[in-house]
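If you want the building blocks of each chain, they are given just below.
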Amino acid sequence: MIQSEKLSIHLLLFFRYLREKKFLIGTKEMSDGLRALEFIDISDIQQFRLALRIVLCSSRAEQETFDHAFIKFFLNNNQDQQTEDLLHVLTEKKRKNEETNEVNRTVESKEKSSTSPSINSARQDQITDENSGKEQKKMAIWTATNLMNKDEQDIQASISSAQFETMEKAAKTFVQQINLKRLRRYKVMKNGSKFDIRRTLRQSIQLGGYPIKPVWTGPTKEKANFILLCDSSRSMSAYAEPFLQFAYAMTKCTNNVEVFLFSTKLRRVTDQFKRTKQDEFPVLTIKRNEWGGGTCIGESLYSFVQQYGMYVKKNTIVFIASDGLDAGAIDHLQSAMKEIHQRTSAVIWLNPLLNIEGYEPIARGMQTALPYIDLFSAVTTASSFQQLAHQVQIRR
Amino acid sequence: MKEHNNSLEAIFEDHGYITDQPILTALHLVKSLQKPLLVEGPAGVGKTEIAKVLAKSLNTKLIRLQCYEGLDVNNALYEWNYAKQMLHIRLTENSEASLEKREEDIFGKEFLLTRPILEAFMEEEAPPVLLIDEVDRADEAFEAFLLEALAEFQITIPELGTIKAKHRPYVILTSNRTRELSDALRRRCLYQWVSYPDFKKETEILQARLPEIDKSLAIQIAKLMERIRQMPLQKIPGVAESLDWAQALISMHRSELNKETIQETLGCFLKNQDDWDTVDKELQQGTLLR
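Report on the accompanying structure. (Residues numbered from 1 in each chain as written. Chains lettered and ligands numbered in written order. Predicted model: local features only at pLDDT ≥ 70, side-chain atom pairs only at ≥ 80, totals over all residues. Heavy atoms only, no water.)

Take the packing of aromatic side chains next. In the structure shown here, the tally under the stated rule is 30 aromatic pairs over all chains. An angle of 85° between the planes, with centres 5.0 Å apart, marks the rings of A:F164 and A:F281 as edge-to-face. On the criterion of sequence distance, the pair formed by A:F164 in helix α7 (residues 164–177) and A:F281 in the loop between α10 (270–274) and β9 (283–287) is long-range, its members being 117 residues apart. Taking the relative accessible area as the measure of exposure, A:F281 reaches 21% and is therefore partly exposed. Ring centres 5.5 Å apart and planes at 65° place the aromatic pair A:F195 and A:W216 in the edge-to-face group. Residue A:F195 is found in strand β4 (residues 194–195), and its partner A:W216 is found in strand β5 (residues 216–221); the two are separated by 21 residues along the sequence. The class for A:W216 is partly exposed, based on a relative accessible area of 34%. Pairwise contacts between aromatic rings join A:F14, A:Y17, A:F48, A:F66, A:F70, A:F73 and A:F74 into one cluster. Positioned above the aromatic ring of B:F111 is the side chain of B:K84, whose terminal nitrogen or guanidinium carbon lies 5.6 Å from the ring centre. (Phe/Tyr/Trp six-rings, centres within 6.5 Å; stacked < 30°, edge-to-face > 60°. Helix = DSSP H or I, 4+ residues; strand = E, 2+ residues; numbered from the N terminus. Buried < 20%, exposed > 50% of the residue type's maximum accessible area, 1.4 Å probe, protein only. Lys NZ or Arg CZ within 6 Å of the ring centre and 35° of its normal.)

The following block contains the structure:
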């Protein structure tokens, strides 16, 4: 049982911990969380948990993370020691961030106050050196490090910035190149081909009955949705990076994209991409058993269809990046692939092993999936992603 | 709060809605914190029903805004009755009133067509329940508009000024997750996920909504539905489908489920040919009724 004087500290730490887990918790949400506790019986642990859960979570995935975190913070016997540990770690992080910000501010202010061109160029060199240092960090190879407490079983996977501009061009090509069918319904547009007399007359009512502003309509193209499923198992650890780079580029080019990782479990990571700041690269925070483990492609795709089936529509293009080495049940893979194929416009399977001379897709996972694949390819570089866009054939 | 929850639970049960602790707590916090509640879940699990029953339990008006792609401010908030304004202008052409007076008249409240959101804000008697149904069908532009409305509960109409809600409505938003809602909207709402009920809860729902049903039939339907939802179906049947099926069985005077009865009534809860084949296969093999 938490002592009452420590409850407020514990709650604030809990909020900060959830914020570290990318929960949408600002000052207002923290205040609402505390206010919610005024209206419930806080001695009832179930009500206590539910009240915080309803206020602090904003999706089903967050509710699962919340439940694990709640047990850890409020139902664990080693609370006091954990509170101390977390307080120390969070304070250290804050101190390091403040130091970095202070250094940046000092450099900027010195640059501004300097008037001599030679001094300016020296400052510029210093800034360039610092930037290239940052770039080197960003260009670090695919790494995974432990986050905070080892008991968390979370790991971080960073995405490289190498050749990202080319990858972004490839993503833009994809979004622009994909031609779905024209919609039947005409929409209002400035340069439309059809004069809409009904809307023009309706609008003229506001103008005293004079049709001064003609309304034009025209056909629109159906927008494509993109779903990217990346195998993050051990066998794919060397190949997943370019695909995830492409996925990040896609999230920057269009809103209609969803990204998932799977190995033994499926995990949606779209939010982690979309919440990345403009000049930074995403660092994915994922569970240990979702990264570098075994592969259950069939079960993962099956649970994708079950949980996220509403995203699978006729205007959807599905990318699956996997080597097809499935350790799970084949029935699930067949059923999932059949459904995905039936409901979407194209299924693109990217298998890096196709680049290996003499490789044949005879693994049972690949054999099962092949009849349902529209485009089977092995892209691993940014330029090859760009070429892929021209090869996609839409079924509808 | 426990007593309050018990009374709310009892009121909901009287109206045929079987709730659980998370939903009751969520509704309690909607009233206490005066924040909107976003209810997500698969289709047919009773998300919309929460708002309807809440309105009945609070003895207040339910105002519903059904969202769709292309929904805009004119259809959600207000529109001027242009035809009536034109008529008024023609009729008062020769009146002695000044131009300013006539202009003031034209933009009076009698010419304002209030749509659901403005209607909810202008409710005089008691805070209504504003149900924004299937908000995921609306587009992002409408979501951006909702942010403003739900943050301050006030609307600015250029001709009339700012209208602040006299009574803050209880706002319930539902979503079937056909697309992801923006973070900004999610932050402004409390959140509750409603999933398919378990066997026990579904039996209670069937008995509450269909008092004439046999208890043993309700149990059989609930058990079978629990099994069917584990199958790899394209469209998993929800509670609405269970109720339709139960209603059909009652009207056919069937008191128990057997192979023939299920085969005749598959269309009550399966809406897809592939799903029909999947369930029929299990039925023929005898695994469904085991």
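Right, let's talk about the side chain of A:T173 for a bit. With respect to the helices and strands, A:T173 occurs in helix α7. In this structure the side chain of A:T173 is engaged in a polar contact, spanning 2.7 Å, whose partner is the backbone oxygen of A:K169. (Polar contact = N/O pair within 3.5 Å; in protein donor to acceptor, adjacent residues only side chain to side chain.)

Going through the model one piece at a time under the given rule, you end up with zero disulfides over all chains. With no disulfide of its own, A:C230 lies 16 Å from the sulfur of A:C296, the closest cysteine sulfur. Taking the relative accessible area as the measure of exposure, A:C230 reaches 0% and is therefore buried. The thiol sulfur of B:C189 is not disulfide-bonded, and the nearest other cysteine sulfur, from B:C67, lies at 12 Å. (Disulfide = S-S within 2.5 Å.)

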